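Results of the structural survey
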Amino acid sequence: MRYARVIVGMNHPQTDRVFDYKVPDAFQEVAKVGVRVIVPFGRRNTKTEGYILSLAEESEIASEKLKELLEILDDGIPIFTPQMLHLAQWMKEHYFCTLNQCLQAIMPTGIKTKSIWQVLLDETADVSDCKGGELAVLEALKEMGGSGALSELEKLLGSGSNHAIQQLQKKNIIFLKQKMIRSEYKMEQCYYSFNDQSSLLEDTMKKAETDKRLLGQKKLLYLLKEKGEVTLEEIKNSGISESPLKTLLKKGILLERRVQKKRAVFSLEDYEKTTPFYPTAEQRAAIEEIEHQINLEKGKPILLHGVTGSGKTEIYMQSIAKILDMGKQAVVLVPEISLTPQMMERFISRFGQAVSITHSRLSAGERLDQWKKARDGEISVMIGPRSALFMPFSDLGMIIIDEVHDNSYISDITPKYDAREAAKILAEDTGAVLLMGSATPDLVSYHKARKGEYLLLELKERTGGGTLPRMHIVDMCKELEEGNRSSFSRILQQEIAINLEKGQQTMLFLNRRGFATFVSCRSCGHVMRCPECGISYTYHAKEDALMCHYCGKTVESPRNCPVCGSKYIRYFGTGTQKIEEEVRRLFPRANVLRMDLDTTMGKNSHNQILEAFRKGQADILVGTQMIAKGHDFPNVTLVGIMAADTSLNTGSFYASENTFQLITQAGGRAGRADDRGRVYIQTYQPKHYCITHAAEQDYKGFYEEEVLLREMMGYPPFGAFCSVVISGEDEIETVKAANALGEILQVENREKGFFIMGPVPAMLFKFRGEYRQRILIQGPEEDALVGFVGRCVEKGQQNVGKGIHFQLTRNPLNIV
Ligand code: ADP
Ligand code: ZN
Ligand code: ZN
């Protein structure tokens, strides 16, 4: 007897362990590691989806106590490769979640089998000796029309109804029936042909020839005679209805063959094949280094730092070509927002059918089919957002992460994995080369490259020799001093007017991120900051107070600037809408488009707005950082960064890094081959090192200053944070649980020396009906910190009431 160790697809921490099942004889061949199965689970033997993690010859549990596997799904083709199972295990340990949650993130979405228990009432049964709880169940069931979902019944009557339901079942008054919901998004093509084995074939043919009423049959038979095998579509196109087809199938004269078809996400005819560019000297050097890493037994991750337009994408493509030559496959991760038609075109034109693309604008079925193509070896390159990392390729040779600094690589839902960290693990496991590229690498990655942990490759020139735009810093304090109260400096107004006159386009950026409103002085530019953490305070309107989101320190909102005494204290939080209104007022004849979260709720509206602007349907585009990425705008010659300060003061230690990235990207939008672009950076802090270095496009200069600050404060990469959000519907219970956890942390920390900040009310103090408290813990070494916090939370969880949740996040992007 063999045993399968199965993890069930349920989301309770209590069920997040392996359960042993017997493998019935019929499944001996197909019950493999990584296969999706249906198992009976729990007291009711609910049919539940599970995944085989391993197989064993023995079990610690007596054989007669074990249940058997019920079903093998996907025709026994594993849904997880061994590497993916390993990755899931790593993610579980790293991101505070269940193994099942990790497996669900790795699996294609929407295919999970669900089952529902239905309760049916026998209306004719004798209910005379039913009492209390049983009567309540009967009443509720009648109300539901005689049948309903068990879960709904339990919700209605509470879990105390369990016993009554059992009793009613015993008395044969109610029955439980299980319903399985399977959604596999299969697309099938049916083919029809003659059944040569059928003895009726000749007869039918003769009859159809002569009987006029059988004209449909005759046509169909002739079509088959001519073509051999036809699809349903072809039958319909020949003007034949379905009824002769059905008749002949029923009689066994025709055969039906069903073939699963995988949907295509592009049609190759729309693309012209391109050949690789002859690489520039810089590109050649980089390609050679990458090739060297490919040939090494165990290469290093590579960081490709190259200014925008330096030909990084071309390097990716030439490196991929090498991987394909070796018979291996490659994954290319890009931020979803950069997956533009132009970007896809470059890869499709180069690699044709060998490439496919996945993204959220595709249907679940389309995405599943791309996943299957990877699994079945029909494609060798997959391009997509962070989840494309989980493609089940058989021999992965390279993982490319473009725009590696982008925050979209961190999942915002559980498991909150960082695709860059996961990619590193997967690369080690598969022997694939990890190639990361950016014009503005995140500080942590760049630091690793400088330390030699990554191989650093640099591209300093634009391939076309094009020049970067002229960057200007505009001091907004001075504007105010000279009487200009508008959001637009005088110089930017003049420049916009010039552009309108010349028929050239302008982009206006509002670098608003997150929710934070910060407070600064409009006269001297001073920003109110926490003296302990160096992080800007966030304004809380309800209490009219300033709060540091790291340590929780709260101070009164100042009436006057503590530095210069001015009364021009400003609460920043201007939205794109206000800027749009002001542009319309200043330039009533200009055609203005706005793009932000409000205008891009639709599935494809983001691309539509950008396409409209690209085609010249508007003079000015106002937007957030969304508009900085991906698209190429040939007619934009002027970029205005409305208030660089809004991103410089988000109340997070990532603020400077993000601002540098934003200014660089925004600047990259300006300019054409024949016209050097202009960029105006409006700020109240014109001397801030982030602004000055960004204006000079000096990444290294910025890095040198920022890294000193990080080291001084113990911020990443010199330390790590871990946040715990404690939430619950009951405010008092939530605060109690938070305080209890705070105490555990303090006690456990006695000889450890971590910094514990909080508990404090979270920034989103009440969110989706739950109260939230937050504790932030800081320590010099990430893994030790995370282990410590994990253990404390486990302790804290033991004594809290139901409905209190703990959510842990490492190095959170926003402290909310
Ligand atoms: P990046 O990804 O670094 O921003 P791209 O790969 O998009 O840069 O390259 C910028 C432009 O230069 C693209 O239009 C690309 O087709 C072109 N290009 C890249 N490499 C070469 C080359 N070796 N010779 C000529 N043009 C090139
Ligand atoms: Zn001031
Ligand atoms: Zn603080």
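Let me begin by describing the structure that accompanies this report.

The rules behind each value
Residues numbered from 1 in each chain as written. Chains lettered and ligands numbered in written order. Predicted model: local features only at pLDDT ≥ 70, side-chain atom pairs only at ≥ 80, totals over all residues. Heavy atoms only, no water. Helix = DSSP H or I, 4+ residues; strand = E, 2+ residues; numbered from the N terminus. Contact = heavy atoms within 4.5 Å. Areas by Shrake-Rupley, 256 points an atom, 1.4 Å probe, with all protein chains shown as cover. Phe/Tyr/Trp six-rings, centres within 6.5 Å; stacked < 30°, edge-to-face > 60°. Donors = N, O, S within 2.8 Å, 3.2 Å for Na, K, Ca; no water. Tetrahedral: all angles 85-135°; square planar, octahedral: opposite > 155°, others 65-115°. Buried < 20%, exposed > 50% of the residue type's maximum accessible area, 1.4 Å probe, protein only. Near = heavy atom within 4 Å. Polar contact = N/O pair within 3.5 Å; in protein donor to acceptor, adjacent residues only side chain to side chain. Nonpolar A, V, L, I, M, F, W, Y, C, P; charged D, E, K, R; others polar. Core = buried A, V, L, I, M, F, W, Y, C linked by side-chain atoms within 4.5 Å. Pairing = 2+ DSSP bridges. Axes fitted to C-alpha atoms, helices over the stretch in contact; angles between N-to-C directions. Parallel < 35°, antiparallel > 145°, perpendicular 65-115°, else oblique. Left-handed = near helix turned anticlockwise from the far one by under 90°. Expected span 1.5 Å × (residues − 1). Salt bridge = Lys/Arg side-chain N within 4 Å of Asp/Glu carboxyl O.

1. Re the overall build of the protein chain
A tally of regular secondary structure across the protein chain gives 25 helices and 33 strands. Once the C-alpha set of the protein chain is aligned to its principal axes, its extents read approximately 95 × 70 × 60 Å. The long-range share in the protein chain, meaning contacts at least 24 apart out of those at least 6 apart in sequence, stands at 74%. Roughly 38400 Å² of accessible area belongs to the protein chain as shown, and the carbon and sulfur atoms make up 49% of that amount.

2. Section: the packing of aromatic side chains
According to the stated counting rule, one finds 16 aromatic pairs in the structure shown. Judged by centre distance (6.0 Å) and plane angle (90 degrees), the ring pair of F266 and Y271 falls under edge-to-face. One aromatic cluster is present, built from ring pairs that chain together Y446, F660, Y689, Y699, F702 and Y703.

3. Focus: the coordination of the zinc ion (ligand 2)
Surrounding the zinc ion (ligand 2) are the protein donor atoms C521 (SG), C524 (SG), C561 (SG) and C564 (SG), which sit 2.2 to 2.4 Å from the metal. One way to put it: the 4 donor atoms around the zinc ion (ligand 2) meet at angles of 103 to 112 degrees, and that makes the site tetrahedral. Here the donor residues for the zinc ion (ligand 2) map to a single chain with the spacing C-x2-C-x36-C-x2-C. Residue C521 is classed as buried on the basis of its relative accessible area, which comes to 0%.

4. Notes on the site of ligand 1
What surrounds ligand 1 is a group of 15 residues, the closest being Q283, G309, T313, R346 and T463. Backbone polar atom of G311 to an oxygen atom of ligand 1: 3.0 Å apart, as the coordinates give it. K312 places a main-chain nitrogen or oxygen 2.9 Å from an oxygen atom of ligand 1. Within the complex, the protein chains bury 70% of what would otherwise be the 560 Å² of accessible surface of ligand 1. Top element by residues in the shell around ligand 1 is helix α11 (residues 312-325). It accounts for 3 residues. Per-class residue counts for the shell around ligand 1 are 4 nonpolar, 8 polar and 3 charged.

5. Side note on the nonpolar core
F80, L87, M91, I399, I401, V639 and I641 are the most contacted members of the largest nonpolar core, which has 80 residues in total. One finds I302, L339, M343 and I400 within the second-largest nonpolar core, a separate group that totals 32 residues.

6. Here's the deal with the pairing of strand β15 (residues 381-384)
Regular strands show a simple pattern: their side chains alternate between the two faces of the sheet. Both faces of β15 are covered, namely the face carrying V381 and I383 and the face carrying M382 and G384. Pairing between strand β13 (residues 329-333) and β15: 4 bridges, direction parallel. Counterpart to L333 in the pairing with β15 is G384. For strand β14 (residues 355-357) and β15, the ladder comprises 3 bridges, and the chain directions are parallel. Opposite V355, over in β15, you have V381 as the bridge partner.

7. Quick look at the packing of helix α1 (residues 82-94) against helix α2 (residues 99-106)
At their nearest, the axes of α1 and α2 sit 8 Å apart, and the two run at 130 degrees to each other. As far as their axial angle goes, α2 and α1 are oblique. Every pair of crossing elements has a handedness; the one defined by α1 and α2 is right-handed. In contact with M84, L85, A88, Q89, M91 and K92 of α1, α2 contributes L99, C102, L103 and I106. Looking at the contact of α1 with α2 residue by residue, the class counts come to 8 nonpolar, 1 polar and 1 charged.

8. Observations concerning the environment of K451
With respect to the element layout, K451 can be found in helix α15 (residues 443-451). Considering only alpha carbons, one finds K451 and D783, 332 residues apart in sequence, at a separation of 19 Å.

9. Here we look at helix α23 (residues 699-713)
Residues lying three or four places apart along an α-helix face the same way, a consequence of the helix completing one turn every 3.6 residues. Compared with an ideal rise of 1.5 Å per residue, which puts 15 residues at 21 Å, α23 spans 21 Å between its outermost C-alpha atoms and is within 8% of the ideal. Within the span of α23, buried status applies to Y699, G701, F702, Y703, E706, V707 and R710. Packing partners of the buried residues in α23 comprise β12 (302-306), α15, α21 (655-668) and α22 (689-695). Once α23 finishes, G714 follows within two positions and takes phi at roughly 75 degrees, a positive value.

10. Re the pattern of salt bridges
A complete count under the given rule lists 35 salt bridges for this structure. Linking D412 and R386 is a salt bridge whose minimum nitrogen-to-oxygen distance equals 3.6 Å. In this pair, D412 is assigned in the loop between β16 (396-402) and α14 (419-430) and R386 in the loop between β15 and β16, connecting sequence segments 26 residues apart. What makes D412 exposed here is its relative accessible area of 61%.

11. Topic: the sheet that holds strand β4 (residues 46-56)
Strand pairing in a sheet relies on backbone hydrogen bonds. The paired strands run either parallel or antiparallel. Strand order in this open sheet of 5 strands is β2-β1-β4-β3-β5, and the pairing throughout is antiparallel. With partners counted over all chains shown, the strands left at the sheet margins are β2 (19-22) and β5 (71-72), one partner each. Pairing analysis gives 6 bridges linking strand β1 (residues 3-8) to β4, with the strands arranged antiparallel. Its bridge partner lying in β4, Y3 is registered against A56.

12. Looking at the packing of helix α3 (residues 132-143) against helix α5 (residues 161-170)
For the pair α3 and α5, interaxial distance at closest approach is 8 Å and the crossing angle is 80 degrees. Between α3 and α5, the interaxial angle falls into the category roughly perpendicular. Here α3 contributes G133, E134, V137 and L138 to the contact with α5, which in turn contributes S161, A164, I165, Q167 and L168. Of the residues that constitute the contact of α3 with α5, the class distribution is 5 nonpolar, 3 polar and 1 charged.

13. Some points on the side chain of R263
Relative to the helices and strands, R263 resides in the loop between β11 (254-260) and α10 (281-295). A polar contact is formed between the side chain of R263 and the side chain of D369, at a distance of 2.6 Å. Sequence-distant contacts of R263, defined by excluding residues within four places in its chain, comprise Y185, K186, M187, G365, E366, D369, Q370 and K373.

14. A word on the pairing of β13
The buried fraction of β13 amounts to 5 of the 5 residues, a majority that puts the element mostly inside the structure. Of the two faces of β13, the one carrying Q329, V331 and L333 and the one carrying A330 and V332 are both buried. Of the pairings in the sheet, the one linking β13 to β16 comprises 5 bridges and is parallel in character. Residue Q329 lies in a different strand from β16, and its bridge partner there is L396.

15. Some details on the sheet that holds strand β20 (residues 505-509)
If you trace the 6 strands from one edge of the open sheet to the other, you get β19-β29-β28-β20-β27-β26, paired in parallel fashion. Strands with a single pairing partner mark the edges of an open sheet, and in this sheet they are β19 (470-475) and β26 (592-595). Neighbour-to-neighbour, the strand axes of this sheet turn through a mean angle of 15 degrees, independent of strand direction. Of the pairings in the sheet, the one linking β19 to strand β29 (residues 678-683) comprises 6 bridges and is parallel in character. Residue pairing in the sheet places V474 in a bridge with Q682 of β29. Against the sheet, helix α19 (residues 605-614) touches β20, β26, β27 (620-623) and β28 (636-641), its axis set at about 150 degrees to β26.

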